[in-house]
Amino acid sequence: MEIKKIKTENSDDSRIVSIADVMKDVKTVQTFKLTNKLGASVTFCNIGAGIVSVIVPDRNGKMRDVVLGYKNLEDYVGDGPCAGKVPGRFANRINHGQLSIDGKKYQLVLNTSDGKHHLHGGPGGFANQYWEGRQVADKVEFTYFSKDGEAGYPGNLTAKVVYSWNDDNEITLELSATTDAPTIVNLTNHTYFNLKGEGNGNILDHKLKLFAQNYLPATDELITTGEVATVKGTPMDFTEPKLIGKDINEKFDALINGKGYDSCWVIDGYKKGEMHQAATLMSDESGIKVELFTTQPGVQCYTGNWLSGCPTGKCGKSYEDYEGVALECQTLPDSPNKPNFPNAVLRPGEEYRQTIKFKFSNF
């Protein structure tokens, strides 16, 4: 890793990251940029502890920014797509925002488009909060303190996100949390990939492989039913590399209800605490490939079905539907209400800890 000697205001140390601060509502927006020896870089922002840029070489050595993001940093607050950020306290949907821990019932805020369910921690969830960011050695660390009762969740919870970027063009994301009362936690990263480069059209021509022989059927309101179904013989089958657009318009419930892919797949061979490959995404046009590895049991594939109308992108225009695909490694959606899904409860004295890795290369 190339060490960049950059002096930062209000600091007397030399850092591997460049830090740009601007003020908004008395809160500080921070960006941190890591650059490796190849000249490839990744930039993070403390709004939602998010990834706002990943610049890697294509097969011809040309650098491309392969993730969606906004021209103005302030637009990351309250954006519908949740671009690049870490949603929480519980990513994905919880049926009617209701859950029970040790026999005690809790009602979370409701914020899905139909006003019936809880999604990504609610409108004031982790993705729309200003995290405390800092550089630690060659990593970037974000911390957020979530108060007891925030969005209806029990317990004071401290969440931490640590990113690293190496000379092999790998982003490693370490997610952790502790609590002072029993609660639920499910953290992920919601980066949208377009391996042709952001602003360069849709991702229907990308090839996707999911290391998952099963997916989770859901209702027409995208709430998992509790069933685990085989992908075999359905448009949900990505066990071999397949164009995302090949089956996306098929008359299949999951695709009709989501206006495209917006489902969770169960990663093959999952064992708690072990890293497994979840997905491989490729663009024949650029020759860029990203492989995903995780300790999480599921991966939600969302093909940007409702991106239209989002804030102005880095490319200077708003993104249209299907211009990015999010591959969100996480626990299984609505698991607090599905006894057959992995337990999402975190208790005092325990530590929630999960890892996600994005590995970029050429083919």
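Predicted model, so just to flag it, every value in this text is computed and none were measured.

K.L.:
Could you give me a rundown of the overall build of the protein chain, with the residues and numbers involved?
P.N.:
When helices and strands are counted, the protein chain shows 1 helix and 28 strands. Radius of gyration (C-alpha) of the protein chain: 19 Å, near the 21 Å computed for a compact globule of 363 residues. For the protein chain, the C-alpha atoms occupy an extent of roughly 55 × 45 × 40 Å along the three principal directions. A total of 363 residues make up the protein chain; the buried ones form 55% of that total. When contacts within the protein chain are restricted to residue pairs at least 6 apart in sequence, long-range pairs at least 24 apart make up 65% of them. Carbon and sulfur atoms make up 47% of the accessible area of the protein chain, which amounts to about 14700 Å² in all. Counting 40 positive and 46 negative side-chain charges, the protein chain places the averaged centre of each group 2 Å from the other.

K.L.:
Please set out the sheet that holds strand 17 (residues 192–193) residue by residue, giving values where relevant.
P.N.:
As summarised here, the arrangement of the 6 strands in space is 17-26-25-22-19-20, forming an open sheet in which the pairing is antiparallel. Pairing within the sheet leaves two strands with one partner each, and these edge strands are strand 17 and strand 20 (229–230).

K.L.:
So what's going on with the sheet that holds strand 14 (residues 157–165)? Residues and values would help.
P.N.:
Judged by pairing direction, the sheet is antiparallel, and its 9 strands sit side by side in the order 12-13-14-15-28-24-23-18-21 without closing on themselves. Of all the strands in the sheet, just strand 12 (132–136) and strand 21 (242–243) have a single pairing partner and so form its edges. Strand direction decides the pairing type here: strand 12 and strand 13 (residues 139–146), joined by 5 bridges, are antiparallel. Note on strand 13: the bridge partner recorded for Val136 is Lys139.

K.L.:
Any details on the side chain of Asn186? Residues and values, ideally.
P.N.:
Secondary-structure assignment places Asn186 in the loop between strand 16 (183–184) and strand 17. Polar side-chain contacts of Asn186 include one of 2.9 Å to the backbone nitrogen of Thr331. Excluding its chain neighbours within four sequence positions, the residues that come into contact with Asn186 are Pro87, Gly88, Arg89, Phe90, Ala91, Gln330, Thr331 and Tyr352.

K.L.:
So what's going on with the nonpolar core? Residues and values would help.
P.N.:
Ranked by size, the top nonpolar core spans 62 residues in total, and within it Trp265, Leu327 and Phe360 carry the most contacts. If you tally residues by element for this core, the top one is strand 14, at 5 residues. If you look at the next biggest cluster of nonpolar residues, it comprises 15 residues, including Val29, Val52, Cys310 and Tyr319.

K.L.:
Go over the confidence of the model for the protein chain with me, naming the residues and quoting the values.
P.N.:
With 93% of its residues at a pLDDT of 70 or more, the protein chain has an overall mean of 93. Note that pLDDT drops below 50 for residues 1–26; the model gives that stretch 55 contacts with residues more than four away or on any other chain.

K.L.:
Help me get a handle on the layout of surface pockets, residues and values and all.
P.N.:
Volume-wise, the largest pocket comes out at about 780 Å³. In terms of lining residues, the largest pocket is bounded by 30 residues, among which Gly80, Arg93, Ser113, Leu119 and His120 are the most central. Where the lining of the largest pocket is concerned, the elements lending two or more residues are helix 1 (253–258) and strand 25 (298–302). For the lining of the largest pocket, the per-class residue count stands at 9 nonpolar, 13 polar and 8 charged. Estimates place the volume of the second largest pocket at around 380 Å³. Along its surface, the second largest pocket is lined by 18 residues, and Lys272, Asn343, Val345, Tyr352 and Gln354 are the ones closest to its centre. Going through the elements one at a time, strand 27 (345–346) and strand 28 (352–362) are the ones with two or more residues in the lining of the second largest pocket. Looking at the lining of the second largest pocket element by element, the count peaks at 3 residues for strand 28.

K.L.:
Tell me about empty space enclosed by the protein, and please be specific about residues and values.
P.N.:
Inspection of the entire model under this criterion finds 2 cavities of 30 Å³ or more. If you go around the largest cavity, you meet 15 residues; those closest to its centre are Leu216, Ala218, Leu222, Asp262 and Ser263. Mapped by element, the contributors of at least two residues to the lining of the largest cavity are helix 1 and strand 22 (262–266). Of the residues forming the lining of the largest cavity, the biggest block, 3 residues, is contributed by strand 22.

K.L.:
Tell me about the pairing of strand 22, residues and numbers included.
P.N.:
Judged by how many residues are buried, strand 22 sits mostly within the fold: 5 of 5 residues are covered. Residues Asp262, Cys264 and Val266 point to one face of strand 22 and Ser263 and Trp265 to the other, with burial holding for every one of them. With 2 bridges joining them, strand 19 (residues 214–215) and strand 22 adopt antiparallel strand pairing. Looking at the pairing, Asn214 lines up with Val266 of strand 22. The pairing of strand 22 with strand 25 spans 5 bridges and is antiparallel. Across the sheet, the residue bridging to Ser263 is Cys301, located in strand 25.

Calculation criteria
- Residues numbered from 1 in each chain as written.
- Predicted model: local features only at pLDDT ≥ 70, side-chain atom pairs only at ≥ 80, totals over all residues.
- Heavy atoms only, no water.
- Helix = DSSP H or I, 4+ residues; strand = E, 2+ residues; numbered from the N terminus.
- Rg over C-alpha atoms; globule rule 2.2 N^0.38 Å.
- Buried < 20%, exposed > 50% of the residue type's maximum accessible area, 1.4 Å probe, protein only.
- Contact = heavy atoms within 4.5 Å.
- Areas by Shrake-Rupley, 256 points an atom, 1.4 Å probe, with all protein chains shown as cover.
- Lys, Arg positive; Asp, Glu negative; His and termini not counted.
- Charge placed at Lys NZ, Arg CZ, Asp CG, Glu CD.
- Pairing = 2+ DSSP bridges.
- Polar contact = N/O pair within 3.5 Å; in protein donor to acceptor, adjacent residues only side chain to side chain.
- Core = buried A, V, L, I, M, F, W, Y, C linked by side-chain atoms within 4.5 Å.
- pLDDT = per-residue confidence, 0-100.
- 1 Å grid on protein atoms, 1.4 Å probe; cavity = no way out; pocket = protein on both sides within 12 Å on 5 of 7 lines; lining within 4 Å.
- Points joined across faces, edges and corners; volume = space filled by probe spheres on them.
- Nonpolar A, V, L, I, M, F, W, Y, C, P; charged D, E, K, R; others polar.

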